[in-house]
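Read off the chains here:
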Amino acid sequence: MSVVANYIPRDSFVHRLSPLTKLFWSFLLMTLSCFFRDPVVLAGLFLSIVLVALAAGILKEMFPVFKGLLFIAGLFILFQIFFITDGRTIFTLIPGTGIGRVTDIGLTGCLAMGARMIVIAASFPILMGTTQIKDLVVVLVEKLKIPYPYAFMFVTSLRFVPTFMQEMDQIIQAQSSRAHRLDNKNFVKRFLSICPLAIPLMVTSVKKAERMAISMETRGFGVGKRTNLHTKEFRTVDTAVCSTLLLLGVAALALHFKGILM
Amino acid sequence: MIKVADLHFKYGNIDLEVLRGLSFSIEKGEFVALIGQNGAGKTTLLKQFNALLKPTGGSVQIAGLDTGKSTTGELARKVGFLFQNPDHQIFMPTVFKEIGFGPKNLHLSKAEIDHRVEEAAEAVGLSAFLGQNPLLLSKGQRQRVAFASVLSMKPEILVLDEPTTGQDYQEGIEIMEMVLKLNQLGHTIVFVTHDMELVATYAKRVIVLSHGRVLLDDSCRNVFYHPEILRQTNLFPPQIARLAQMFAQKPALFSRPLTVEEIYHEILNLPESTPNVCCS
C-alpha cells in the first residue's frame, strides 16, 4: 500500500496531462458514483479506472492498492449485509433460525456501497501516481486559488502516507521482536494488540511533524508572497480530455435520470 | 549458535539482491561486530537472525531453529533485538510496564516478570525511574529502557543495531560495558556500528560486509591491520591502528595496537634507544 501516494515515473499520456485534468476526472468519478446505485454500473466505472491505470503504465503498481480496496469493501459488505432485513430472503447462514439472513435488497445495496467506496477511493492513487506533488501544489495554488499553506498541508499529508507506512513497519518489527502477537484469534485481543503499534506511531509522527515545522520555519516558510519556478500549463489536449469527460459525464447522468442507467 | 549458509536475500519484487551468498557461523559466547558502508546489508543481515526477514535463498539457523520456518515470536526467547530508535517500541505509561511487556508476552508468572523487570532495570541503571513515563525520559534513557526491555526476556543471543547512536560518549560506553558484562556471562553478541573505536575496544571478531558479501571475517586485530581491504568499502581502522601503521612504515615500533590503552603500554615498554622516528 506504500504506492498510495507515491509518484511513479513513466512517460505516458496520462502522466503528461495537467493535474487539473486528472483532478477533474477524479471529481467526476466521485460525483457519478454518488448517483449510480447499480453494482454493475459502478463496476463499469471501476473498470474505467483500471483502464486509465493501464494507459498510464502503472497497473502493476496499482494492483496492491486495488487488492487492499477490495478487501476493505469486502469487510464493509460483511459488516452491513446481515443487518438489512428488507426484501426477499436469498439465504440464511443458519437455516431455520433467521440468523445471518441475506436479502436481495441487502445484497444489492451492500454491493453498491462497496463498489461506490472502491470507485471513490481508487482514482486517487492513480492521480497521485501520475502527478508530481510539486505540480499538484502549483495547480492548487495558481489555478484553484487555494491558499498555499492549505495546499502544502494537503500534499504533505499525502506525502507522509508512505513514510508512516515505513514507520509502522519498523514498529511492527520492534514489537514482534518482543514476542508481541498481531494474529490473535480473539477479536478483542486482536483489537487491543493495535495499541503497542498505534502509540509509538502517534508519538513518532508528532515528533516528525514538529521537526518538519522547525525545519520549514528556519527556511523561511510563510514569509511573504511565494513565487513558483515552474508552472504547469493547461494545454489543448487537457481542454479536449476535460470536454470529453464532461460530455460523457453529462450523458451518463442524462441516462441515469431517464432511468436507463441506475 | 548462529549458522548462516549461502544466505541470499532480496526485498519484495526488487531484482537487486541485498545479501548475496553469505556463509559463516557464530559460536556461543562470541562478541562479533558487523561493519560495512551504508547499504552493505548489515541491518538486513541482523533482521535475519530473528526472522524479521526470511532468506530468499540459503538458510539461517539459530540454536538449531531454521528461521525460514520459525516466527519472530518463537525466536524472541533466543534472540533479543535492540533497534536503533527506541521510540519505535515505547508505548507503556511506565518504565516498569514497558520493560515487562516482553516477559508478559512470554506468559511468565507475575512474580517472575516483576523479578526480571527489577533485574533488567538495575542492570541499565534505571531502578529509580521505574514509575516514570518512558516517553518523558531523555533519548539516552529511552535507549536504556529499550535495552532493559530486551534484557528482561533473557535471550541467549543479543543483536544490537547501532546501539550507541544518539548517545553521548559516556552513555555509549556505559551501554557497551553492559553488553560486555552480558558477554562475559555467556551471551552471544552481534552488533552493527559505524564507530570503529567501539569495535576495536569491544569486538573480538569482525565481519566486514560489502555489497551483500563477506569481505573479511577475522579477529578484530587482523581486520584493522588490513587497511587496503577496508578502504574498498569506505572503512578506516581506528585512529590508534592508523597511527601504529604509519610508524610501521619506519622501523616497526609497535606490534598491532588498537586502543589508546594498548598503545600507551607499548610506548611505556619502548627501549630507550628507540630512534626519534616522528621527526626524522
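Here, every reference points to the structure presented above.
Residues numbered from 1 in each chain as written. Chains lettered and ligands numbered in written order. Predicted model: local features only at pLDDT ≥ 70, side-chain atom pairs only at ≥ 80, totals over all residues.

1. Some words on the interface of chain A and chain B
Reasoning step 1: The interface is formed by 17 residues belonging to chain A together with 19 residues belonging to chain B.
Reasoning step 2: Within the residue set of the side of chain A that touches chain B, elements represented by two or more residues are α7 (148–176) and α9 (195–218) of chain A.
Reasoning step 3: For the side of chain A that touches chain B, the per-class residue count stands at eight nonpolar, seven polar and two charged. (Contact = placed C-beta atoms within 7 Å. Helix = DSSP H or I, 4+ residues; strand = E, 2+ residues; numbered from the N terminus. Nonpolar A, V, L, I, M, F, W, Y, C, P; charged D, E, K, R; others polar.)

2. Topic: the sheet that holds strand β4 (residues 57–62) of chain B
All names here are of chain B.
Reasoning step 1: A sheet is described by the order of its strands in space; here four strands give the open sequence β2-β1-β4-β5, paired in antiparallel fashion. Lying at the two open borders of the sheet, with one neighbouring strand each, are β2 (19–26) and β5 (65–66).
Reasoning step 2: Bridge analysis of strand β1 (residues 2–9) against β4 gives five bridges, and the strand direction is antiparallel. Looking at the pairing, A5 lines up with S59 of β4. (Pairing = 2+ DSSP bridges.)

3. What to know about the sheet that holds strand β6 (residues 79–82) of chain B
Residue and element names in this part refer to chain B.
Reasoning step 1: The six strands lie next to each other as β6-β7-β8-β3-β9-β10, forming an open sheet whose pairing is mixed. Lying at the two open borders of the sheet, with one neighbouring strand each, are β6 and β10 (213–219). Pairwise comparison of adjacent strand axes, ignoring direction, gives a mean angle of 15 degrees for this sheet.
Reasoning step 2: Bridge analysis of strand β3 (residues 31–35) against strand β9 (residues 205–210) gives four bridges, and the strand direction is parallel. (Axes fitted to C-alpha atoms, helices over the stretch in contact; angles between N-to-C directions.)

4. Considerations on helix α3 (residues 39–56) of chain A
Because the α-helix completes a turn every 3.6 residues, residues three or four places apart line up on one side.
All names here are of chain A.
Reasoning step 1: Taking 1.5 Å as the rise per residue, α3 with 18 residues should run 26 Å; its terminal C-alpha atoms sit 26 Å apart, in good agreement.
Reasoning step 2: Buried-residue contacts for α3 involve α1 (13–16), α2 (19–35), α4 (59–81) and α5 (104–130).
Reasoning step 3: At the exit of α3 stands G57, carrying a positive phi of roughly 75 degrees. (Expected span 1.5 Å × (residues − 1).)

5. With respect to unusual backbone geometry
Reasoning step 1: The phi torsion at A179 of chain A lies on the positive side, around 65 degrees, for a residue other than glycine.
Reasoning step 2: Along the chain, A179 of chain A turns up in the loop between α7 and α8 (187–192).
Reasoning step 3: With 21 C-beta atoms counted inside 10 Å, the residue A179 of chain A sits in the buried group.
Reasoning step 4: Even without glycine at this site, H107 of chain B takes up a positive phi of about 60 degrees.
Reasoning step 5: For H107 of chain B, the location among the structural elements is in the loop between α3 (95–105) and α4 (110–123).
Reasoning step 6: Judged by the 8 C-beta atoms lying within 10 Å of it, H107 of chain B falls in the exposed class. (Buried ≥ 20, exposed ≤ 12 C-beta atoms within 10 Å, placed from the backbone.)

Keep in mind these numbers describe shape, not what the thing actually does.
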